[in-house]
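Geometric and topological summary
This is what each chain is made of:
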Amino acid sequence: MERFPHDRIQLPRNMIENSMFEEEPDVVDLAKEPCLHPLEPDEIEYEPRSSRLLVRGLGEHEMDEDEEDYESSAKLLGMSFMNRSTGLRNSAAGYRQSSDGSCSVPSTRTMVVCAVVLLIAVSVVMVIYLLPKCTFTKEGCHKKNHTMELIYPLATNGKRFPWAKVRLPSNVVPLHYDLVLQPNLTTTQFSGSVQITVNVIQVTWNIILHSSGLTITKTTLTSARWSQAKPVEFLEYPVRDQIAIVAPEALLVGQNYTLSIDYSSNLSDTYYGFYKVSYKDESTKRWLAATQFEPLAARSAFPCFDEPSFKATFLIKIKRDEQHMALSNMPKNVTVPVANGIVQDEFSVSLKMSTYLVAFIVANLTSIMQGTNRTQVSIYAMPQKVTQVEYALNITVKLLEFYQKYFYIDYPLQKLDLVAIPDFQTGAMENWGLITFSETTLLYEDNTSSARDKKLVTAVIAHELAHQWFGNLVTMEWWNDLWLNEGFATFMEYFAMENIFPELPAAEEFLKLRFKTMMKDSLNASRPISFAVQSSEQIEEMFDTLSYIKGASLLLMLKKYMKEDSFQAGIEHYLHSHSYGCTRSDDLWDSMNKITNGTLDVKKMMITWILQKGFPLVTIQRNGKTLLVHQERFLRSVEPENWTSDASYLWHIPLSYTTSSCSSVLCPYAYLLDQKSATIELQEEVNWVKFNVDMDGYYIVHYAEEDWEALTMQLKSDPSALSAKDRAHLINNIFTLASVGKVSLQKAFHLLDYLERESDTAPVTEAVFQLSLIYGLLEKSGMQDLTARIVHRIEKLLGSKIEQQTWTDNGSLSERVFRSMVLAFACSHRLGNCSSTALKLFEDWKASNGTKSLPSDVMKTVFTAGAKTNAGWEFLLSVYMSPVPEAEKYKILEALASTEDVRKLIWLMQKSLEGDDIRAQEVLRIIATVSQSLPGHLVAWDFVKENWEKLIQKFHLGSHIIQSMVTVSTSQFSTEAHLLEVKTFFESKSAASSQLRCVKEAIETIQLNIKWMKTNLAELQQWL
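Residues numbered from 1 in each chain as written. Predicted model: local features only at pLDDT ≥ 70, side-chain atom pairs only at ≥ 80, totals over all residues. Heavy atoms only, no water.

**Thoughts on the pattern of salt bridges**
Heads up, the rule is: Salt bridge, as used here: a side-chain nitrogen of Lys or Arg that lies within 4 Å of a carboxyl oxygen of Asp or Glu. Secondary structure follows DSSP: runs of H or I at least 4 residues long count as helices, runs of E at least 2 residues long count as strands, and numbering of each begins at the N terminus. Remark: exposure states derive from per-residue accessible area (1.4 Å probe, protein chains only) relative to the maximum for the residue type, with buried under 20%, exposed over 50%, and partly exposed in between.
Summed over the entire model, instances satisfying the criterion amount to 47 salt bridges. Across the pair Glu249 and Lys230 runs a salt bridge, and its minimum N-O distance is 3.2 Å. Linking Glu249 in strand β11 (residues 242-251) with Lys230 in strand β9 (residues 230-231), this pair joins segments that are 19 residues apart in sequence. Among the salt bridges present, the one from Arg527 reaches Asp544, with a minimum N-O distance of 2.7 Å. Here Arg527 is found in the loop between α6 (506-521) and α7 (536-541), whereas its partner Asp544 is found in the loop between α7 and α8 (545-562), with 17 residues between them in sequence. By the burial criterion, Arg527 is buried, and Asp544 matches it.

Structure, rendered in structure tokens:
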């Protein structure tokens, strides 16, 4: 690897040396304002003008003579229009501006031609209008009872493509796939053939399915009624990744047909589809091939019905070099030689599943295994890293046994493989029987993996194993209900960890994620968790914290309200009733209602949560023993576009509350608030009341001033009267309310004064997070005096806790996670002797040439201290490039990205995007780390702007990585100049880019930052 070129890295435009706090970055090329009321995706389907052909009709059904006449007329009209448009463009050249500024008159010939064209057009319209049995309306000319108007596109060969919608038709369904693949890891190409057995539900001449980037060389169709396979016409419409197979005769209802397709393609150089991964075996560069099909990439590996509801069985055969191995969803049945040095692995027929769950890998891997309940569990990794998979094997077996007992459904496959892929975009993918992971989320090494690393590996494995039931056994019907997959897997992830690994601080992590998700959900740019989607970008954007964390939060709230046994029985009923099928949200609520048996209408309650965006603010007014509770939507936005009045929002909220005198078996109390306002009578007068016990409900709470004061005093006198989760919840709520002016910022800081007596992780973590948000805004705005005062206040509150920390890995896992967080914060703000201690540890480690053992929980903090010097940064880079465990590698990388040397930051981001010396999977990690620092936040945004096209090509528009890049690189802007720059940049891009929800969230966040600075800056300067 080349050394870092100190003098060759150009500074970005936004980085102005010696003028760090310049508030007005250059803004150029302002785009026009976008339409304020764009059409919704289901109102119009966009096709490129060059590929549209106007044909109104019933689509698949046969046309009678009148309709054939109509189709011919429509084609004529369409061609006439296109010819006329061309003629008009050409004739426009006949108008020339004279020297005096006037326009010359067109020639007589030109006027005659125009008149003739106009006469023909009028004549055609009149013919259509006078067609028999035809009604001419604004929808077009159609017979009575005509269903709808369709605009059919053109296939690549210029013929009419016989389908005009994004979703595939349901007139033909797949039953079984026979798939043969042969990847070549030398040429990085692959060839394939697939035989798809389909069943006809409705008479048709066409089979519509998906294909993307495949070169199809042969297609045939066979039937039991035919003596031999028949060639078929093949049409392609790549705009929607659709192909059409036009049969030689009508396909009959109830009959099975077999569609055979031969094709070839290149292994992808992105992280989607059947893609190639490079890695180094000692000093030799080698390749492996792996798959990532969710959500829409199975079609790039084989032609298929690539929608979740089209479940089928799969028989997969893979041809490979003898030196490699192959894995797929099912166990391998047999390996047979097929050519010189080439063998074919044949795998068992799969269970019925969706295409996005199909998976295969061709590589050189090593594994360890263990059997449990008739299932062979294997963990695969690169040969040199197989010593790091033992922890994953042990917890996988425990989790698998737990889920089988909890769901009362055995894991249905004979084997379960977990595979660490050297270069992998996401944390993991739940392919049935073949779960793929990034190395960071599967490998664990005792000497270098921290308590936080152990928690991460455990959580990701728990999540993916939960998917084997929620997602694989029972699958959402369409991506609008993705939360049924991801929300349930996330909920079960934390539920399983609490039950099996109580030493891991899973509940604290889940609480922290709920707080962060509510920040996103309080923006006007948010969405309901069940949300209509069609385009690929919209589907990709569903993979966000709302589907995962909000979905899980609503399930937690429902579980607490229904009680444990009823909730578990509802889950069991849901899984048993829909095994190997697809569901909608209502199917889950129906299963829950079977259990409640009329005592609670779960559907009526939960649809208010999944079909409305945002969440409620519950305001409490206390008068003696009477509580007046009121709900409204909580919204942080600034004059939102398309704003809907709060009056239209109503949730059925399962309130929970506790009081200063709460000691009965009924405590905490419950109340279902299903109207705007209600009154609750307490049994006695109390000193304080606290709603949303343990923050199990997805809402925030506001109290009258005297009740906020009573809770604050309780925290100061005896914090243990409230649980750690409740204390964290109060901190979160008061700062959230202060951000919209419902509580003064001074009162929020006043509540934090009790932290000197705090001993739990959750409240301290939330306090540090809230103060860091404020610190970040002030720092990036150049308010160094105020940031110093905030740091001083934090040191006063947490100074004793910082001094108590030891630079070891001693204590419980919760204590170790707390130590890691506190020391990282202290060193980053140079509190006490933290920085000097960390630097001393680094110098000793460096002197040993990296062989001396460092405490894993503080390793990243030590590396970050060392990276502040040029010599330390260069040494860390050399260690990163050597074969070290993944847990150590990512800590080094984050330390490298925390340097204040702008040229080094730019170089790191460039190298990660290139993907050679630093894997491209690390781009987001680096950008996120760079964005946190004062010199880095402008550099990160510039990098995203300048490399936008490369980034969306590599990671796909709308993907979680692109969402996160947009968010982290802009979240700390707080000036009108930066707001205009962000708007201008995205408006200059494609409509698909500018309409991304993450872009809208970024713009809204900057607006809120501007408002916060205007509202609170003077107050902070006055009293802080």
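Alright, that's what it looks like, and here's the rest.
**A look at the sheet that holds strand β24 (residues 434-438)**
As a reminder of what qualifies: Pairing between two strands requires that DSSP report at least two bridges joining them. Two residues form a contact once any of their heavy atoms are found within 4.5 Å. The convention used is that axes are lines fitted to C-alpha atoms, helices contributing only their stretch in contact, and that angles between N-to-C directions extend from 0 to 180 degrees.
Strand order in this open sheet of 5 strands is β20-β21-β22-β24-β23, and the pairing throughout is mixed. Each end of this open sheet is capped by a strand with a single partner; those strands are β20 (366-372) and β23 (428-429). Together, β20, β21 (375-381) and β22 (415-421) form the strand contacts of helix α3 (residues 390-407), whose direction differs from that of β20 by roughly 25°. Of the strands in this sheet, β22, β23 and β24 touch helix α4 (residues 451-467), which is tilted by about 155° from β24.

**Brief notes about the packing of helix α27 (residues 976-987) against helix α29 (residues 997-1023)**
Applied cut-off: Angle categories: roughly parallel below 35 degrees, roughly antiparallel above 145, roughly perpendicular from 65 to 115, and oblique for all the rest. Gly is put with the polar residues, along with every residue not named as nonpolar or charged; the nonpolar set is Ala, Val, Leu, Ile, Met, Phe, Trp, Tyr, Cys and Pro, and the charged set is Asp, Glu, Lys and Arg.
Axis separation between α27 and α29 bottoms out at 10 Å; the angle between their running directions is 170°. Comparing the axis directions of α27 and α29 gives the class roughly antiparallel. Contacts between α27 and α29 pair Glu976, Leu979, Val982, Lys983 and Phe986 from the former with Val999, Ile1003, Ile1006, Gln1007, Ile1010 and Lys1014 from the latter. In terms of residue class, the contact of α27 with α29 is built from 7 nonpolar, 1 polar and 3 charged.

**Quick notes on the sheet that holds strand β10 (residues 233-237)**
The 3 strands lie next to each other as β7-β11-β10, forming an open sheet whose pairing is antiparallel. The open sheet terminates on both sides in strands that have one partner only, identified here as β7 (204-210) and β10. Recorded for the sheet is a direction-independent mean angle of 25° between the axes of neighbouring strands. Strand direction decides the pairing type here: β10 and β11, joined by 5 bridges, are antiparallel. Residue pairing across strands places Leu235 opposite Ala244, the latter belonging to β11.

**Quick word on the nonpolar core**
We apply this condition: Working definition of a nonpolar core: buried Ala, Val, Leu, Ile, Met, Phe, Trp, Tyr and Cys residues. They are joined through side-chain atoms within 4.5 Å.
If you look at the biggest cluster of nonpolar residues, it comprises 312 residues, and the most contacted ones within it are Phe302 and Phe691. Among residues more than four places away in sequence, those in contact with Phe302 are Tyr177, Leu179, His210, Leu214, Tyr263, Phe293, Phe314 and Val358.

**Overview of the packing of aromatic side chains**
Which entries qualify depends on this criterion: Pairing of aromatic side chains here covers Phe, Tyr and the six-membered ring of Trp, requires ring centres within 6.5 Å, and sorts the geometry by plane angle: under 30 degrees stacked, over 60 edge-to-face, intermediate tilted. The rule is short: NZ of Lys or CZ of Arg within 6 Å of the ring centre and within 35 degrees of the ring normal puts a charge over the ring.
Per the stated rule, a full pass over the model turns up 53 aromatic pairs. Taken together, a centroid distance of 5.7 Å and an interplanar angle of 35° make the contact between Phe161 and Tyr237 tilted. With a gap of 76 residues between them, Phe161 in the loop between β4 (152-153) and β5 (172-184) and Tyr237 in strand β10 connect regions that are remote in the sequence. Neither residue differs from the other here; Phe161 and Tyr237 are each classed as buried. Site record: aromatic cluster; members linked through ring pairs are Phe402, Tyr403, Tyr406, Phe407, Tyr411, Trp469, Phe470, Phe488, Phe491, Phe495, Phe567 and Tyr574. In this structure, Arg514 packs its charged tip against the face of Phe510, placed 4.5 Å from the ring centre.

**Focus: the environment of Leu443**
The residue Leu443 is located in the loop between β24 and α4 in this model. Distance in space between the C-alpha atoms of Leu443 and Lys385 is 8.0 Å, their sequence separation being 58 residues. If we skip the residues at most four places from it in the chain, Leu443 touches Ala381, Lys385, Gln388, Val389, Ala420, Val457 and Glu886.

**Overview of helix α13 (residues 724-739)**
Stated formally: By this rule, a helix spans an expected 1.5 Å times one less than how many residues it contains.
A rise of 1.5 Å per residue sets the reference length of α13, with its 16 residues, at 22 Å; its end C-alpha atoms lie 23 Å apart and thus fit the reference within 8%. Most of α13 is tucked away: 13 of the 16 residues are buried. Once α13 ends, the next one or two residues include Gly741, with phi positive near 85°.

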